[in-house]
2 protein chains.
Amino acid sequence: MREVAIIGIGQTRVDEHWDKSLRVLAGEAILSAMADAKRESVDALFVGNMLSGSANHQQHLGALIADWVGLRYTEAVKIEAACGSGASAFRAGLAAVGSGDVESAVVVGVEKMTDSPGAEITSSLASAADADWELEQGLSFVALNALVMRRYMHEFGWKHSDFEGFSINAHANGAHNPYARFQEAITDSDYHKSPMVADPINLMDASPIGDGSAALVLVPVETLKKTNSPMIMIVGSAAATDSIAVHGRFDPLWLSAAEISAKQAYSQAGIDSTMIDIFELHDAFSIMAALALEACGFADRGQAPRLAIEGQISPQGRVPIATRGGLKARGHPVGATGVYQIVEVTQQLRGEAEGTQVENARLGMALNIGGSGSNIITTILQRI
Amino acid sequence: MREVAIIGIGQTRVDEHWDKSLRVLAGEAILSAMADAKRESVDALFVGNMLSGSANHQQHLGALIADWVGLRYTEAVKIEAACGSGASAFRAGLAAVGSGDVESAVVVGVEKMTDSPGAEITSSLASAADADWELEQGLSFVALNALVMRRYMHEFGWKHSDFEGFSINAHANGAHNPYARFQEAITDSDYHKSPMVADPINLMDASPIGDGSAALVLVPVETLKKTNSPMIMIVGSAAATDSIAVHGRFDPLWLSAAEISAKQAYSQAGIDSTMIDIFELHDAFSIMAALALEACGFADRGQAPRLAIEGQISPQGRVPIATRGGLKARGHPVGATGVYQIVEVTQQLRGEAEGTQVENARLGMALNIGGSGSNIITTILQRI
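Residues numbered from 1 in each chain as written. Chains lettered and ligands numbered in written order. Predicted model: local features only at pLDDT ≥ 70, side-chain atom pairs only at ≥ 80, totals over all residues. Heavy atoms only, no water.

Chemist: Would you mind going over the overall build of chain A with me for this structure?
Modeler: Assigned secondary structure in chain A consists of 13 helices and eleven strands. If you line up chain A on its principal axes, its C-alpha atoms span 55 × 45 × 40 Å. Within chain A, buried positions represent 68% of all 384 residues. By sequence separation, contacts in chain A at least 24 residues apart represent 77% of the contacts at least 6 residues apart. Looking at chain A as shown, the accessible area adds up to about 12,300 Å², and 50% of this sits on carbon and sulfur atoms. (Helix = DSSP H or I, 4+ residues; strand = E, 2+ residues; numbered from the N terminus. Buried < 20%, exposed > 50% of the residue type's maximum accessible area, 1.4 Å probe, protein only. Contact = heavy atoms within 4.5 Å. Areas by Shrake-Rupley, 256 points an atom, 1.4 Å probe, with all protein chains shown as cover.)

What follows is the structure, given as structure tokens:
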């Protein structure tokens, strides 16, 4: 497979965009990414989205968006892997450009969740879980994660307050990101007095939904080598699945699909986890941030909260995470999130992460999770 | 890109499978394809599906199905392009194997439509059209196609009965296909007395929905060359989009996306349309069969009904279409249809199309259409 680079990025703020349709939102991100890449056209479009069929009564986003952004006749499809849809679409774009099938591609993630009734969105989101075995019991997604967090606290002896660092770090970073849904720092007191959602997950452990879109432009490195420097290259990309139902896992406190995909990506990049300068992980809930850090080799099993407690996850720490706010503060427009993460890693590697720049960031990683750990995509980017 | 071959196929009958869930249906097709390929495992799974989020309250089919068929931990995603989802998933599988990213892949199309209320399915299917501009007017999919057919009849001077050959041929062929939803030939009298659905489209002009799954196994040709003969190779594969709303097309009676993708595929294969031995086209409605024949170069503009009238579309004719029943008789489980078509072309090229075998078939083509012509994928296979 040919080496592939990211030459343009674009995003909308994650927000309540009641005045913008799916195509308008996606169009803003795409046109911004294409302008950044100085391209007027591309050969293919890959859309990451989870909920448009149920929440927006609109499927077929590939053709819909391609036409809207002036790419009529261009190949365009949607890829869905629950909340892992964004990075899955990225992998489809990477395969298309890497294989030589096309010479350029746009990957866009888009989701529009806030102008549907909340109960409908909760129900639609739950379709990422196992309808026959989990939904049937009335389990929502936050309930599933609450069960996992409770077990984790029991097993490893952590208190609820030991997780506060994940939320505080995310909000502190999001305060510097003009595209974040919440641009305000929180205190430990805010964390502790926030209302319970599904015990032990309170409002500050849970990422907010939102409307938003992020996009990036991919081209083969061979077309760039002489002119572009620095360049953001994709040096690792892998995906793995697991049992979709949490009760089907061999160990509900271990993200096997994260471990597998991260190891593959490390191996492709010829690195180990200690060489990663920033890690945009999938902090849909605090517990998922902890499990991701452990499965990817940044903390021992059951020990990730220590990284948060010791301040190692800040932009100045050993393992900076959620550097632009993460899912918690930037927001979690589900099918778009994976693309936001890769866009944010690119910002860091380019030195454009104003306010939360990680110094001399050269290797960045994104981990996008579909379901409660059942479809996990690792992406490693390097500044060359 | 490496050359890729199809080494295994599997399918369920298209039917009302009320006793089988999505994963069970998909599993039957996949395990049958893997048995046919003599493989116990593959490196990746690509699922074509359109409606599971709304009709079955189950998204995330990649991980769901991978685990069910014993491929836990394997990369797996869903691809959606309305009724073009099946062939779009096939293209994702082709890119993954062709790029060298994986050494083998299963592509499966699956759809389960008959145990949801009919009105809900009609509404879900309509989400393949433009929600803001077409659905808003109350247009269903059959209504959109009726407008196109009426205009075609007006423009080129055809009567409704001139289309009967498409339906009669499909049902005659489907009678020989044990996987077809309708395995019974029809007469011209059946055609004429069938009830009107949306004038001028009557019941015999419209394909039936259904539950079903089809699958195939892809591997690089280089791993086969010494041992396998004959071999079914993918020699052409391309996709193109168009305005999702019919009123947005420059010409609503011309499938530009079919013309573009077919021309690209012909060029990749180094052939023209006259060399195609069988053509599995997307006869969701009789009018779509006619438009596909014209856009792909098998008939002059406005003249496709003549091929049906002259009997040229039968397995013994010049342009055999719907040789295993087509969407009309085999059935149209929307997101699975594109995979059924490629499986059927493979059967023909292998000489396994009992009852409707096209003699010495060497080059076969499949055309899968998403929406009313807005996402069209052409696949050309060759027996080597």
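And the narrative resumes.
Chemist: When you look at the environment of Phe285(B) in this model, what are you seeing that I'm missing?
Modeler: Residue and element names in this part refer to chain B. Among the secondary structure elements, Phe-285 is positioned in the loop between β9 (278–280) and α10 (286–295). Spatially, the C-alpha atoms of Phe-285 and Ala-172 are 17 Å apart, while their sequence positions differ by 113 residues. If sequence neighbours within four positions are ignored, Phe-285 has contacts with Phe-141, Val-142, Asn-145, Ile-201, Asp-205 and Ala-206.

Chemist: Honestly, the relation of the copies chain B and chain A in this entry has me stumped. Any pointers?
Modeler: These two copies of the chain differ by a rotation about an axis and a displacement along the same axis. Turning chain B through 180 degrees and shifting it by 0.0 Å along the axis lays it on chain A, with an RMSD of 0.0 Å. Both copies of the chain, as the preceding transformation shows, are related through a two-fold rotation axis. Measuring from the rotation axis to each C-alpha of chain B, the shortest distance belongs to Ser99(B), at 2.0 Å. Taken together, the interface assignments show that 100% of the residues at the interface of chain B recur at the interface of chain A, consistent with an identical surface on both copies. (Least-squares fit on C-alpha atoms with pLDDT ≥ 70 in both.)

Chemist: Would you mind going over the side chain of Glu75(A) with me for this structure?
Modeler: Structurally, Glu75(A) is set in strand β3 (residues 75–80). We classify Glu75(A) as buried; its relative accessible area is 12%. Among the polar contacts listed, one links the side chain of Glu75(A) to the side chain of Arg91(B), at a separation of 2.7 Å. Beyond its immediate stretch of four places on either side in the chain, Glu75(A) contacts Asp43(A), Ala44(A), Leu45(A), Asp101(A), Arg91(B), Ala239(B), Ala240(B) and Thr241(B). (Polar contact = N/O pair within 3.5 Å; in protein donor to acceptor, adjacent residues only side chain to side chain.)

Chemist: Help me understand the interface of chain B and chain A, please; the structure alone is not making it clear to me.
Modeler: One frequent convention defines the size of an interface as the accessible area lost when the parts assemble. The partner chain A presents 56 residues to the 56 residues of chain B that form the contact. The tally of links between chain B and chain A comes to 36 residue pairs in polar contact (both at pLDDT 80 or more). Listing elements by their share of the side of chain B that touches chain A, those giving two or more residues are α3 (61–68), β3 (75–80), α4 (85–98), α5 (118–126), β8 (232–241) and α9 (256–269) of chain B. Among the elements that take part in the side of chain B that touches chain A, β3(B) stands out by supplying six residues, more than any other. Along the lines of polarity and charge, the residues of the side of chain B that touches chain A split into 24 nonpolar, 20 polar and twelve charged. As judged from the three bridges shared by β3(A) and β3(B), these two strands associate in the antiparallel manner. Bridging across to β3(B), Glu80(A) finds its partner in Lys78(B). (Nonpolar A, V, L, I, M, F, W, Y, C, P; charged D, E, K, R; others polar. Pairing = 2+ DSSP bridges.)

Chemist: How should the pairing of strand β2 (residues 44–48) of chain B be read in this particular structure?
Modeler: Across a regular strand the side chains alternate sides, sitting on one face of the sheet and then on the other. Residue and element names in this part refer to chain B. The element β2 is largely enclosed, with a buried count of five among its five residues. Of the two faces of β2, the one carrying Ala-44, Phe-46 and Gly-48 and the one carrying Leu-45 and Val-47 are both buried. As paired elements, β2 and β3 share five bridges and run parallel to each other. Residue pairing in the sheet places Ala-44 in a bridge with Glu-75 of β3. Alignment of β2 against strand β4 (residues 105–111), held across four bridges, turns out to be parallel. When the sheet's bridge partners are listed, Gly-48 is paired in β4 with Gly-109.

Chemist: Is there a simple way to explain the environment of Ser140(A) in this structure?
Modeler: All names here are of chain A. Position of Ser-140 relative to the elements: it lies in the loop between α5 (118–126) and α6 (141–156). Of the residues examined, Ser-140 reaches a relative accessible area of 18% and is grouped as buried. Remark: the alpha-carbon pair of Ser-140 and His-160, spanning 20 residues in sequence, is separated by 21 Å.

Chemist: Looking at this model, I keep getting lost on the pairing of β4(B). Mind explaining?
Modeler: Residue and element names in this part refer to chain B. Of all the seven residues making up β4, seven are buried; the element is thus mostly covered by neighbouring parts of the structure. Residue alternation in β4 divides its side chains into two sets, Ala-105, Val-107, Gly-109 and Glu-111 and Val-106, Val-108 and Val-110, and both sets are buried. Across seven bridges, β4 lies against strand β7 (residues 212–220) in antiparallel orientation. The residue bridging Val-106 from the neighbouring strand is Val-217, located in β7.

Chemist: Is there a simple way to explain the packing of helix α1 (residues 22–37) of chain B against α3(B) in this structure?
Modeler: Residues and elements named next belong to chain B. Running from amino to carboxyl end, α1 crosses α3 at an angle of 60 degrees, the nearest separation of the two axes being 9 Å. With respect to each other, α1 and α3 are oriented oblique. Regarding α1 and α3, the two cross each other, and that crossing is right-handed. Residue-level inspection shows Leu-22, Arg-23, Val-24, Ala-26, Gly-27 and Ile-30 of α1 in contact with α3, the latter providing Leu-61, Leu-64, Ile-65 and Trp-68. Of the residues in the contact of α1 with α3, the class split is eight nonpolar, one polar and one charged. (Axes fitted to C-alpha atoms, helices over the stretch in contact; angles between N-to-C directions. Parallel < 35°, antiparallel > 145°, perpendicular 65-115°, else oblique. Left-handed = near helix turned anticlockwise from the far one by under 90°.)

Chemist: Can you walk me through the packing of aromatic side chains in this structure?
Modeler: Centre-to-centre distance and the angle between the planes together describe a pair of aromatic rings. Going through the model one piece at a time under the given rule, you end up with eight aromatic pairs over all chains. Residues Tyr152(A) and Phe156(A) carry aromatic rings whose centres are separated by 5.1 Å and whose planes lie at 65 degrees to one another, so their mutual orientation is edge-to-face. Within this pair, Tyr152(A) and its partner Phe156(A) are both found in helix α6, separated by four residues, close to a single helical turn. Through a chain of ring-to-ring contacts, three or more aromatic side chains come together here, namely Tyr152(A), Phe156(A), Phe163(A) and Phe166(A). For Arg72(A), the ring lying beneath its charged end belongs to Phe250(B), and the centroid distance is 4.8 Å. (Phe/Tyr/Trp six-rings, centres within 6.5 Å; stacked < 30°, edge-to-face > 60°. Lys NZ or Arg CZ within 6 Å of the ring centre and 35° of its normal.)

Chemist: Explain the pattern of salt bridges to me, please; I cannot follow it from the model alone.
Modeler: Opposite charge on two side chains allows them to pair when their charged atoms are near. Counting across every chain of the model gives 44 salt bridges over all chains. Between Lys78(A) and Glu80(B) there is a salt bridge; the shortest N-O distance is 3.6 Å. On the criterion of chain membership, the pair formed by Lys78(A) in strand β3 and Glu80(B) in strand β3 is interchain, its members lying in two chains. As far as burial versus exposure is concerned, Lys78(A) and Glu80(B) are alike and both buried. Between Asp242(A) and Arg249(A) there is a salt bridge, with the nearest N and O atoms lying 3.8 Å from each other. (Salt bridge = Lys/Arg side-chain N within 4 Å of Asp/Glu carboxyl O.)

Chemist: I tried to follow unusual backbone geometry on my own but got confused; where do I start?
Modeler: Peptide bonds are, in most cases, trans, and in most cases residues other than glycine have a negative phi. The amide bond that connects Asp199(A) to the next residue, Pro200(A), takes the cis arrangement and shows omega of 10 degrees. If you trace the backbone, Pro200(A) turns up in the loop between β5 (196–198) and β6 (201–202). Positive phi, normally seen in glycine, also occurs at His57(B), with a value near 45 degrees. The residue His57(B) is located in the loop between α2 (52–55) and α3 in this model. Look at His57(B) and you get partly exposed, because its relative accessible area is 29%. The backbone of His60(B) sits at a positive phi, close to 70 degrees, despite the residue not being glycine. With a relative accessible area of 0%, His60(B) lands in the buried category.

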